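Chain by chain, the residues run as shown.
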There are 2 protein chains.
Amino acid sequence: MTTVLISSQQDPIDLWRESLALEMPELEVRAESEIGDDPADRADIDYALVYWPPHGLIASLPNVKAVLSIAAGCDHILADPQLPPQLPIVRMVDDYLAAMMAEYAVYGVLHFHRDMHTYRQEQLASHWNRGWPLYTPETAVGILGLGAIGGDCAAKLGAMGFQVHGWSRRPKSLAGVTCHHGPAGLLEMAGQCRYLVCVLPLTPQTQGIINKDLINAMPRGGFIVNIARGGHQVDEDLLAALDSGQLGGIFLDVFNAEPLPAEHPYWQHNKVWMTPHIAGELMPRSCAKSVVANIRRIEAGEPVPHLLDKSEGY
Amino acid sequence: MTTVLISSQQDPIDLWRESLALEMPELEVRAESEIGDDPADRADIDYALVYWPPHGLIASLPNVKAVLSIAAGCDHILADPQLPPQLPIVRMVDDYLAAMMAEYAVYGVLHFHRDMHTYRQEQLASHWNRGWPLYTPETAVGILGLGAIGGDCAAKLGAMGFQVHGWSRRPKSLAGVTCHHGPAGLLEMAGQCRYLVCVLPLTPQTQGIINKDLINAMPRGGFIVNIARGGHQVDEDLLAALDSGQLGGIFLDVFNAEPLPAEHPYWQHNKVWMTPHIAGELMPRSCAKSVVANIRRIEAGEPVPHLLDKSEGY
């Protein structure tokens with residue numbers, strides 16, 4: 001009998017239970033709330049599947065073979081000062097995250113491209129002014145970030161018929177994508193794109209990259225979709241560009257402060273569309289596949305990919 | 001010198017002029033308003049590119065070689081009692097229409113699939129309740145209609161990762177699409193689909209096809225996107241299903257009466273999202289390609305595809 005303990009304040013435990021059962025019916029799944037004072041309960045646990053587990057929880061499991069992270073990063077595990085130092089930690093690597101981000105990118109671009117932002121506001125006023133749409137094959141979208149997520153966004157926006165540009169710090173080459181790089185390449189790309197989509201990682205180099213220089217390089221009346229991190233955007237510059245008409249609208253999933261403060265001007269701004277950091281999630285239905293694959297590998301004594309290298313931190 | 005006259009109350013004449021110039025710079029383009037009383041003005045015209053032209057206009061052009069329709073159908077030309085009977089009439093056949101419809105289908109499905117309908121209403125109330133999304137690879141979309149438009153919708157929804165079903169009156173087979181047909185197949189498909197998208201032609205057999213039987217066959221809380229014709233939907237049945245919760249929301253581009261009357265309950269219904277019949281347009285930028293190709297064929301004495309067969313009416 002193999003038993004996994006799930007500890008997370010944020011994840012839907014029932015959905016995890018159901019998803020793990022579909023992949024490995026013989027796996028025993030325990031929620032943290034089901035572990036009582038009896039030491040035998042803790043002795044049963046073979047694996048801990050965790051997100052920000054309480055300090056000491058993992059150390060209290062005498063027979064645990066590995067810690068499985070419910071996140072790409074493992075900072076939430078390493079933060080536990082009582083973590084047994086030799087225990088293997090497995091990172092979460094999930095292909096479906098890129099697909100979710102690409103859904104949002106396609107939706108956000110089409111939202112502005114098909115004038116849905118205008119028609120919705122007109123509907124609420126019970127009167128439409130019918131506009132004339134743009135021709136997609138002559139409309140360019142620029143994607144900031146060309147990793148796994150940016151690549152999937154590019155492929156799907158390309159499949160929808162857009163001209164696709166992409167930007168990365170270092171030179172890259174992707175089929176069907178006009179690639180730009182470096183600081184000059186960023187403004188060069190912005191100058192050609194009605195829509196920009198940000199999926200960059202947040203680093204000291206990308207902090208504040210959505211600022212007035214980038215916005216002013218775009219053709220007037222363009223649109224920005226940010227589904228990366230709030231730290232990429234300079235809120236004052238976005239608001240000023242919306243008010244001047246340099247930007248026609250923005251779609252934001254991320255914010256400099258999350259949750260977004262109730263008094264923030266974004267909430268009631270008529271050119272701002274937004275969501276509460278939902279663009280990409282680690283979905284139990286998808287992640288359960290790699291969790292189970294890793295448990296089976298460890299049980300069979302096989303090597304496990306995506307083991308945390310503690311000296312590197314990833 | 002070849003000259004075309006454009007006559008339409010609805011089309012953007014400047015966009016037509018610009019689009020024709022890109023395809024055939026040597027073509028002279030005249031708007032109807034530019035034709036004066038001088039008979040020489042009318043004698044110059046080689047082609048008439050028209051939508052609902054004024055009666056007698058075409059008969060007043062002594063040297064016109066063909067009438068080019070700015071619509072798939074030609075009823076708007078045949079309605080002119082003074083139309084010279086032997087003049088060739090060319091229908092508009094444009095691939096881009098299907099791409100536009102597929103953009104709307106993908107947008108409309110993602111709108112509900114990613115809870116954008118809910119997040120927008122919550123934004124207006126300055127407070128979010130973060131939900132948990134559905135897993136796209138296990139979510140089915142059903143497309144009513146499997147012609148050129150339905151096929152493109154199916155391909156693009158499939159590329160986004162959805163399970164795709166399709167329905168047509170007669171049996172069809174499309175790669176990557178679970179195909180259903182006939183009256184029993186319609187309800188069988190509806191029973192498996194969280195989302196239905198209608199792109200059917202309006203015929204006596206499809207009139208009112210979006211009715212309580214279809215809606216009640218769907219899983220509770222599903223969504224419908226209708227971008228075909230208003231006559232496909234039974235408004236009372238849609239409204240009743242929204243109010244009962246059988247439907248979670250609808251996205252409509254078409255209505256039984258257009259323009260939609262100001263007092264219609266759809267305008268202010270919080271589960272209804274809609275647009276003023278903009279899903280598919282004949283876009284000058286795309287259509288100019290086939291208009292110019294046909295002018296070149298006639299000038300070269302070559303056969304023209306899509307000539308109207310007046311005995312068939314299409």
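All of the points below concern the structure found in this document. (Residues numbered from 1 in each chain as written. Chains lettered and ligands numbered in written order. Predicted model: local features only at pLDDT ≥ 70, side-chain atom pairs only at ≥ 80, totals over all residues. Heavy atoms only, no water.)

1. What to know about the packing of aromatic side chains
Two aromatic rings are characterised by how far apart their centres lie and by the angle between their planes.
Then, in step 1: Taken as a whole and judged by the stated rule, the model has 23 aromatic pairs over all chains.
Then, in step 2: Between Y107(A) and Y107(B) the ring centres are 4.5 Å apart and the planes differ by 10 degrees, which places this aromatic pair in the stacked class. Of this pair, Y107(A) sits in helix α4 (residues 96–113) while Y107(B) is found in helix α4 (residues 96–113), placing the two residues in two different chains. One exposure class covers both Y107(A) and Y107(B), and it is buried.
Then, in step 3: The ring of W273(B) has R120(A) sitting right over it, with the charged end atom 3.5 Å from the ring centre. (Phe/Tyr/Trp six-rings, centres within 6.5 Å; stacked < 30°, edge-to-face > 60°. Helix = DSSP H or I, 4+ residues; strand = E, 2+ residues; numbered from the N terminus. Buried < 20%, exposed > 50% of the residue type's maximum accessible area, 1.4 Å probe, protein only. Lys NZ or Arg CZ within 6 Å of the ring centre and 35° of its normal.)

2. Looking at helix α5 (residues 116–124) of chain B
Then, in step 1: Those residues of α5(B) not exposed but buried are M116(B), H117(B), Y119(B), R120(B), E122(B) and Q123(B).
Then, in step 2: Of the residues one or two after α5(B), S126(B) is the one with positive phi, at around 55 degrees.

3. Examining the nonpolar core
In a soluble, globular protein the nonpolar side chains are often hidden away together inside.
Then, in step 1: Counting 122 residues, the largest nonpolar core has Y266(A) and Y266(B) as the members making the most contacts within it.
Then, in step 2: Ignoring sequence-local partners within four residues, the contact set of Y266(B) consists of Q123(A), Q233(B), D235(B), L238(B), L239(B), I250(B), L252(B), F255(B), L260(B), V272(B) and M274(B).
Then, in step 3: In this structure, I6(A), L27(A), A66(A) and V90(A) belong to the second largest nonpolar core, which totals 23 residues. (Core = buried A, V, L, I, M, F, W, Y, C linked by side-chain atoms within 4.5 Å. Contact = heavy atoms within 4.5 Å.)

4. Digging into the relation of the copies chain B and chain A
Two chain copies here: they are related by a rotation about an axis and a translation along the same axis.
Then, in step 1: Laying chain B over chain A is done by rotating through 180 degrees and shifting 0.0 Å along the axis; what remains is an RMSD of 0.2 Å. When the rotation and shift are considered jointly, the pair of chain copies conforms to a two-fold rotation axis. If distances are taken from each C-alpha of chain B to the rotation axis, the shortest is found for Y107(B), at 2.8 Å.
Then, in step 2: A high fraction, 100%, of the interface residues of chain B reappear at the interface in chain A, so the copies pair face to face through one surface. (Least-squares fit on C-alpha atoms with pLDDT ≥ 70 in both.)

5. Here's the deal with the packing of α4(A) against helix α6 (residues 148–159) of chain A
Residues and elements named next belong to chain A.
Then, in step 1: At a minimum axis separation of 8 Å, α4 and α6 run at an interaxial angle of 45 degrees. Compared by their axis directions, α4 and α6 come out oblique. Here the hand of the crossing between α4 and α6 comes out right-handed. Across the interface between the two elements, L97, A98, A99, M101, A102, A105, V106 and V109 from α4 touch A148, I149, D152, C153, K156 and L157 from α6.
Then, in step 2: For the contact of α4 with α6, the per-class residue count stands at twelve nonpolar, no polar and two charged. (Axes fitted to C-alpha atoms, helices over the stretch in contact; angles between N-to-C directions. Parallel < 35°, antiparallel > 145°, perpendicular 65-115°, else oblique. Left-handed = near helix turned anticlockwise from the far one by under 90°. Nonpolar A, V, L, I, M, F, W, Y, C, P; charged D, E, K, R; others polar.)

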